[in-house]
Amino acid sequence: KIVPGLICKKIYESQKIKSLLCLTVDNLFILIKPSYIVSIFNDLDAIDVLGLEVPKMHFSGEVFRGDDMSQCYADRILEVSKKMIYKLHNMICQRKFWHNSNKLII
């Protein structure tokens, strides 16, 4: 399942990112491998996580339910991700339109 999420913390091992602690729109903290990231959007990166208290997690795939404070962040992630999905949808539709128009001209 692909869900929007925010990278809250990077965990390093020998100067290489070993895991990412992320908060999802479902208010779940999850510890994942960097290779599981599908795409990174600057709009989500702009959300400041300095005030967010993150749980201590140690194992890849570990999940932790957030509290009321992290729910505020999850709501913001959802708000931003809806805007991004709308923009992406419009770009795809425009690309299809131009692609189909070019076929008609030729």
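Before reading on, note that the structure itself is shown above.
Residues numbered from 1 in each chain as written. Predicted model: local features only at pLDDT ≥ 70, side-chain atom pairs only at ≥ 80, totals over all residues. Heavy atoms only, no water.

Student: An account of the sheet that holds strand β2 (residues 16-24) is requested, with residue identities and associated values reported.
Tutor: Across the sheet, which stays open at both edges, the four strands sit in the order β1-β2-β3-β4 with antiparallel pairing between neighbours. Both outer strands of the open sheet, β1 (5-13) and β4 (63-65), are each paired with one neighbouring strand and no more. With direction set aside, neighbouring strand axes in the sheet form an average angle of 20°. Bridge analysis of strand β3 (residues 28-32) against β4 gives three bridges, and the strand direction is antiparallel. Bridge assignment links isoleucine 30 to a residue of β4, and that residue is valine 63. (Pairing = 2+ DSSP bridges. Helix = DSSP H or I, 4+ residues; strand = E, 2+ residues; numbered from the N terminus. Axes fitted to C-alpha atoms, helices over the stretch in contact; angles between N-to-C directions.)

Student: Can you explain the nonpolar core? Please cite residues and give values.
Tutor: Grouped together as the largest cluster of nonpolar side chains are 15 residues, with contacts concentrated most on Leu23, Phe29, Ile47, Leu52 and Ile77. Secondary structure elements with two or more residues in this core: β1, β2, β3 and α2 (68-105). By residue number, the principal contributor to this core is α2, which donates four residues. (Core = buried A, V, L, I, M, F, W, Y, C linked by side-chain atoms within 4.5 Å. Buried < 20%, exposed > 50% of the residue type's maximum accessible area, 1.4 Å probe, protein only.)

Student: Give a detailed account of the side chain of serine 70, specifying residues and quantitative values.
Tutor: Along the chain, the position of serine 70 falls in helix α2. By relative accessible area, serine 70 is classed as buried at 0%. At 2.8 Å, the side chain of serine 70 and the backbone nitrogen of aspartate 67 are in polar contact. Excluding residues within four positions of it along the chain, serine 70 makes contact with Leu23, Asn27, Phe29 and Leu52. (Polar contact = N/O pair within 3.5 Å; in protein donor to acceptor, adjacent residues only side chain to side chain. Contact = heavy atoms within 4.5 Å.)

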